Structures are given as structure tokens and as C-alpha cells.
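# Structural characterization, general
Letter by letter, the chains look like this.
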Amino acid sequence: MSLTFHWFLPTNGDSRHVVGGGHGTPATASGRDRPPTVGYLSQIARAAEDLGFAGALTPTGAWCEDAWLTTAMVAQHTERLKFLVAFRPGFVSPTLAAQMASTFQRQTGGRLLLNVVTGGESHEQRAYGDFLDKDARYRRTGEFLEVVRKLWTGDTVDLHGEHLRIEDARLARVPDPVPEVYFGGSSPIAGQVAARHADVYLTWGEPPAQVAEKVAWVRGLAASEGRTLRFGIRLHVIARDTSEQAWAEANRLLDGFAPETVASVQAGLARSESEGQRRMLALHGGGNRDGLEIHPNLWAGIGLVRGGAGTALVGSHDEVADRIEEYAALGIGEFVLSGYPHLEEAYWFGEGVLPRLQARGLWRHPFERSAAASAQVPFAGAGRP
């Protein structure tokens, strides 16, 4: 079985420094270094497509551009890359979301994947008019996905639920193929929703022992529902020809973290209601610079200034491949990766790590390479100065 790799579209801006944001914190000023224009995001998407990434995650929240609109535009500049569109089910009706997904599939040739984000920050949810508490949001997500999945199979749906009321809903045209649902969450109720409705359960990049516990937990919940899931992990990556070069880059990024910025971001993230965010904060313990390598080649430095995924694989191409193989042995089959800046780091990983995984029999390019396709990718050597 071939592992699947996805890249990331930085719709909050990109930089040679870490762009903060997420979980109720605004994007940092470095996000203005490379604004998230359709032109720049399309460069990243075309590079990812050529290198062998199967898809690209696009985030959701007040700190970034809208994922649906952005990916619909970027999709016109790519041919095969899929888009893992993050969206919050409380902000749109399930019937409309099912219709949007169906349209996206037809207009892109079946290149939509959905990352369902329930929303872990009540203050941000309220800005969008959503005043439910966290557990109620998860229960609503379960109802939402129940409706959407039935609509996608052509059913007529009536639901009088706790949070949603739908009558005589039906799609004129169902999506083909049906989009896969990616879902994450570390709280007990999140596990229940994932077990019932997700195709792929995503975890942030915790150390392997903790990831193994999560995989076993969700796998057991899914089995009790008579279902099986796939598993993925969300990580940043800094891969270089040598370990010394990779750690030098990690330290360069760390040197760019102003103490006042770290303090402000950490104070904001400490108020998060997200269990996953709490687990991320616990990994770096407040930011002791000497204690950020929390497992061989797993660095928690990104989480000092960024909400959400806060860890990175750091090392030589072989070392990063080793860590990926370690996670794969735990049942992780999909890897959602990113790096700063996203255009160059896609090449470092794609040209350095993926061939090593291919040599180990763990990966194969999902698309056929061609000289014409390669010629369409701007800055094809940008990762190799």
C-alpha cells in the first residue's frame, strides 16, 4: 500500500518565517510577505501536483481566506491535485453544503475532499453567529453529516434533530465520486462523531506513543459502529540534505520569534476550548528552547507562535523518512504536511524525502509525470538554491 501525502495552501499568507494564526489568534505580520493571491497559491498547488502530493489542505477561520472560494479558483490552474477543503458545518445548511460539494466535484472532475472542523473556540464561533457550546457543536456536526451523507446517496431527507430541522431535502444531482470526509478531534464526543461519520481520522503531530493511543481509541470506537477508518496526521516539515542543515533552519525560524509575540500567542491559545490544542501546548511546556525536540526529529517549536498543528519533522531526508515510516507502522496512511515558505519546502520534501520512501516501497507517485507537466511548474528548482 502506498502512503498518501497532502500539502498545504497558506491562505493566511506565506513567508520565510513562520506565519502564526489559528484557534482564535490572528495571522502574524509575516503573512504579508507573500500575500495569498490566486497566482501564488496556484504556484504552490502546481508544484505539489507535479511532485506527487495527492491533495492540498486549505484551512478555515477568520484568520485566513475562505477555503471554498479559494480552492474553486485555484482548481482552475491545476489538473489532478485534490483539495482538502476545511469548513465548519455550523455556518451553512447541510443541504446547501451537500449541493456545493456536488457542484465542486462536477466542475473539478472529482477533486474535492472535505475536512470537517467543528470549531474549538466559542468566541470565534460567536463572531459568525454561532452561540452553541462545544459539545452541542459536535452533536450538531453529527446531525449535519448524517444529512449530507444521505443526500449524497440520492435519498430524500427529513430530520427533526436537536439542532437541525430538514424537510423533503433532495439533490437534483449527486456527487460522483462522493467526497471523502476527514475529521479530527481529541475530546470524547469528537471520537464518537469520527467513528460514525468520518472516512479519515486526522490527528495533529504528537509523539508516536500518543498517536498510537489515539489510533487505537478511534479504531475501537469505529469498530463498535461496524465501521473501519483510515488515519492521517498533520505535521510541518523541515527536510534537508543533512541533519545539521535542517536543524539550522529550525533554529533560524526560532530566532525570528519575538518574545512578546510568543507570550501573546500562548496567552491566547491557553484560553482555547480545544482538547487537541491543549495537547499541543503541553508538548512544548511554555517554550523552553532546549526542550523542543520532543521525540527524535519531532520539533514543537512551531506551536510557540501558531495555533493548531504545532510540530514539525526536522532532519535529513533519511531521518524524516524514518519518522514517517515509524508513524506508518502505527497505522497512519495519510500525511498532511506544510513548511515555510510553502513553495520551496514542497520541493525540499518532494525531491528529497519522497524518492527515499519510494525506494523503501512505501510510496508511489499518484500521477504520471510528463515533461509537459513539469514545464508548467514555475520555479521548479526553488527548493535547491
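In short, a report on the structure. Here the structure is a predicted model, which is why all the values come from computation and not from measurement.

Moving on, we get to the overall build of the chain. Regarding its fold elements, the chain presents 14 helices and 13 strands. For 385 residues, the compact-globule estimate of 2.2 N^0.38 gives 21 Å, and the chain sits close to it at 20 Å. Dimensions along the principal axes, computed over C-alpha positions, put the chain at roughly 60 × 50 × 40 Å. Counting all 385 residues of the chain, 58% fall into the buried class. For the chain, restricting intrachain contacts to residue pairs at least 6 apart in sequence, the fraction spanning at least 24 positions comes to 75%. Working note: accessible area of the chain is about 15,300 Å², and carbon and sulfur atoms make up 51% of it. Of the side-chain charges in the chain, 38 are positive and 44 negative, and the distance between the mean point of each set is 2 Å.

Time to look at unusual backbone geometry. Cis peptide bonds are those with omega within 30 degrees of zero, and the linkage from D176 to P177 qualifies with 0 degrees. Here P177 shows up in the loop between β6 (165-169) and β7 (181-184). With omega at -10 degrees, the peptide bond leading from Y340 into P341 counts as cis. With respect to the element layout, P341 can be found in the loop between β13 (334-338) and α12 (342-352). Backbone geometry at N297 places phi at a positive 70 degrees, although glycine is not the residue there. Structurally, the position occupied by N297 is in the loop between β10 (293-295) and β11 (298-299).

Here the focus is helix α2 (residues 67-74). Of the residues making up α2, those classed as buried are A67, W68, T70, T71 and V74. One side of α2 holds all its buried residues, which, seen down the axis, span an arc of 170 degrees. Contacts from the buried residues of α2 go to α1 (38-51), β2 (55-58), β3 (82-87), α3 (94-108) and β4 (112-116). Between a side-chain oxygen at the N-terminus of α2 and the backbone nitrogen of W68 the separation is 3.2 Å; the capping residue is D66.

Turning our eyes to something else, we now look at the pairing of strand β12 (residues 312-316). When you tally the buried positions in β12, you get five out of five residues, the bulk of the element. For strand β9 (residues 230-240) and β12, the ladder comprises five bridges, and the chain directions are parallel. Residue pairing for β12: V237 is matched across the bridge by L313. One ladder, built from two bridges, connects β11 with β12; its direction is antiparallel. Bridge assignment links W299 to a residue of β12, and that residue is A312.

All right, on to the pattern of salt bridges then. Across all of its chains, the model carries 22 salt bridges by this definition. A salt bridge links E167 to R165; its shortest N-O distance comes to 3.1 Å. Residue R165 is classed as exposed on the basis of its relative accessible area of 59%. Through salt bridges that share partners, R16, R34 and E344 make up one connected network.

Overall, the coordinates contain 10 aromatic pairs when judged by the stated rule. Judged by centre distance (5.1 Å) and plane angle (45 degrees), the rings of W7 and F53 are tilted. In this pair, W7 is assigned in strand β1 (residues 4-8) and F53 in the loop between α1 and β2, connecting sequence segments 46 residues apart. Of the two residues examined, W7 and F53, each falls in the buried class. Put simply, the rings of F5, W7, F53, F335 and F349 touch in pairs and so form one group of aromatic residues.

Each value, and the rule that gives it
- Residues numbered from 1 in each chain as written.
- Predicted model: local features only at pLDDT ≥ 70, side-chain atom pairs only at ≥ 80, totals over all residues.
- Heavy atoms only, no water.
- Helix = DSSP H or I, 4+ residues; strand = E, 2+ residues; numbered from the N terminus.
- Rg over C-alpha atoms; globule rule 2.2 N^0.38 Å.
- Buried < 20%, exposed > 50% of the residue type's maximum accessible area, 1.4 Å probe, protein only.
- Contact = heavy atoms within 4.5 Å.
- Areas by Shrake-Rupley, 256 points an atom, 1.4 Å probe, with all protein chains shown as cover.
- Lys, Arg positive; Asp, Glu negative; His and termini not counted.
- Charge placed at Lys NZ, Arg CZ, Asp CG, Glu CD.
- Arc of directions from axis to C-beta.
- Polar contact = N/O pair within 3.5 Å; in protein donor to acceptor, adjacent residues only side chain to side chain.
- Pairing = 2+ DSSP bridges.
- Salt bridge = Lys/Arg side-chain N within 4 Å of Asp/Glu carboxyl O.
- Phe/Tyr/Trp six-rings, centres within 6.5 Å; stacked < 30°, edge-to-face > 60°.

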